[in-house]
Amino acid sequence: MNIFIMGGTAESIEIIKFLKENYSKNYIITSTTTEYGGNIAKESGSDKVISRPLPKEDILKVLDEYNIDLYIDATHPFAVHVTKTASEIVDIKKISFIRFERPSLHIEDIENINFNNVYNVKSFEEAGKLIINQSLKGNVLHLGGINTASSVLKNVEVDKFYIRVLRVKTSLDKCRELGISEDHIFPMTASKNKDKKISLKENLDLYKKVNAKIILTKESGNTGGFREKIEAANKLNIKIIIVNRPYIEGLNDKTVVSTIEELNKELKKIL
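Attention here is on the structure that accompanies the text. Quick caveat: nothing in here was measured; it's all calculated off a predicted structure. (Residues numbered from 1 in each chain as written. Predicted model: local features only at pLDDT ≥ 70, side-chain atom pairs only at ≥ 80, totals over all residues. Heavy atoms only, no water.)

1. Digging into the packing of aromatic side chains
Item 1. If you walk through the whole model with that rule in mind, you get three aromatic pairs.
Item 2. Taking the centre distance of 5.1 Å and the plane angle of 85 degrees together, the rings of Phe4 and Tyr71 count as edge-to-face. Taken as a pair, Phe4 in strand S1 (residues 2-6) and Tyr71 in strand S4 (residues 70-73) lie far apart in primary sequence, 67 residues in all.
Item 3. Overall, the relative accessible area of 0% leaves Phe4 in the buried class.
Item 4. A residue is classified by how much of its surface remains accessible, and Tyr71, at 0% relative accessible area, is buried.
Item 5. Among the aromatic side chains, those forming a connected cluster through ring pairs are Phe4, Tyr71 and Phe97. (Phe/Tyr/Trp six-rings, centres within 6.5 Å; stacked < 30°, edge-to-face > 60°. Helix = DSSP H or I, 4+ residues; strand = E, 2+ residues; numbered from the N terminus. Buried < 20%, exposed > 50% of the residue type's maximum accessible area, 1.4 Å probe, protein only.)

2. What about the sheet that holds strand S2 (residues 27-32)?
The strands making up a sheet are joined through hydrogen bonds of the backbone, oriented either antiparallel or parallel.
Item 1. Spatially, six strands are ordered S3-S2-S1-S4-S5-S12 in an open sheet, and the strand pairing comes out parallel. A strand with exactly one partner marks an edge of an open sheet, and here the two such strands are strand S3 (48-51) and strand S12 (255-257). Averaged over neighbouring strand pairs, the angle between their axes works out to 20 degrees when direction is ignored.
Item 2. Taken together, the three bridges between strand S5 (residues 96-100) and S12 define a ladder with parallel strand orientation. Considered in S12, the bridge of Phe100 is made with Val257.
Item 3. Packing of helix H1 (residues 10-22) onto the sheet brings it into contact with S1, S2, S4 and S5, and relative to S1 it is tilted by some 165 degrees.
Item 4. Here helix H2 (residues 35-44) sits on the sheet in contact with S2 and S3, set at roughly 170 degrees to S3. (Pairing = 2+ DSSP bridges. Axes fitted to C-alpha atoms, helices over the stretch in contact; angles between N-to-C directions. Contact = heavy atoms within 4.5 Å.)

3. Quick notes on the environment of Glu202
Item 1. Following the sequence through the fold, Glu202 ends up in helix H8 (residues 200-209).
Item 2. Residues Glu202 and Thr223, 21 residues apart in the sequence, show an inter-C-alpha distance of 16 Å.
Item 3. At 2.7 Å, the side chain of Glu202 forms a polar contact with the backbone nitrogen of Ser199. (Polar contact = N/O pair within 3.5 Å; in protein donor to acceptor, adjacent residues only side chain to side chain.)

4. Some thoughts on unusual backbone geometry
Item 1. Of note in the backbone geometry, Lys94 takes a positive phi value of approximately 55 degrees without being a glycine.
Item 2. For Lys94, a relative accessible area of 69% gives the class exposed.
Item 3. If you check the backbone angles, Asn237 has positive phi at about 60 degrees while not being a glycine.
Item 4. Tracing the chain through its elements places Asn237 in the loop between helix H9 (226-235) and strand S11 (239-243).

5. So, the sheet that holds strand S9 (residues 185-188)
Item 1. An order of S6-S11-S10-S7-S8-S9 is seen for the six strands of this open sheet, with the pairing classed as parallel. Because the sheet does not close on itself, it has two edges, and the strands there are strand S6 (118-121) and S9. Across this sheet, the average inter-strand angle for adjacent strands is 20 degrees, counted without regard to direction.
Item 2. Across three bridges, the pairing between strand S7 (residues 139-142) and strand S8 (residues 161-166) is parallel. Bridge pairing links Leu141 to Tyr162 in S8.
Item 3. Packed on one face of the sheet, helix H7 (residues 169-177) meets S8 and S9 and runs near 165 degrees to S8.

6. Some thoughts on the pairing of S11
Item 1. Among the five residues of S11, four are classified as buried, and the element is accordingly described as predominantly covered.
Item 2. The pairing of strand S10 (residues 212-218) with S11 spans five bridges and is classified as parallel. Bridged to Lys218 within S11 is Val243.
Item 3. Taken together, S10, H9 and S11 form a β-α-β motif whose crossover is right-handed. (Right-handed = clockwise from strand over helix to strand, strands pointing away.)

Take a look at the structure:
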């Protein structure tokens with residue numbers, strides 16, 4: 001069978017490796033939005049990689065060109081448009097579909113949290129507005145990715161704004177376009193291993209270095225290092241603004257899994 005994976009996450013790499021080890025006769029095509037992500041997917045065993053954002057029309061062409069039998073969406077839980085588009089596409093093409101959804105980690109499940117410092121919002125633009133409306137003072141450390149930085153900067157002064165981003169050219173270029181100074185940018189290298197996260201100590205060191213008074217983060221689950229971000233902020237009595245995971249329409253009648261074991265059960269029904 002031919003399998004199409006929408007990737008770019010640590011989970012997608014785990015899936016590729018699992019498929020190659022256990023279902024090696026199948027042909028895997030992986031789509032990532034960056035060349036960096038594509039290189040990791042290729043190294044992990046994907047037979048073909050498409051390293052650019054794919055609009056709906058291009059995905060349909062890929063499905064036809066490679067006669068795809070199974071579509072696996074392993075994109076980030078905040079990539080709402082991508083998953084919604086995937087759901088629409090498989091309804092059109094009538095092919096098998098599995099959504100691999102990174103498990104949630106709720107802040108209530110993290111011990112000894114000072115909830116007086118915690119704010120929940122629906123978007124990063126709302127996070128920026130909250131900082132202004134609540135008169136939250138001090139340096140803001142953005143841990144939500146480069147694509148959401150501009151939404152925050154609509155309301156937060158750039159000289160108070162610090163960001164940790166992937167060490168890739170597109171992210172660093174975007175930082176400069178937004179007017180973020182070099183000493184406010186902290187590049188990191190993405191791990192190929194979903195269990196290799198930024199540690200509590202690394203977060204503590206960065207928070208202290210930038211004298212952060214507020215952190216902004218997505219509810220990105222354990223894989224995204226959510227626990228370590230929150231625990232570090234809690235230890236330093238830093239305000240925590242969490243963008244809640246969005247609800248994605250179109251998945252109610254679809255197969256959604258959160259572990260490799262669950263994925264394997266569904267694969268045995270299809271492959």
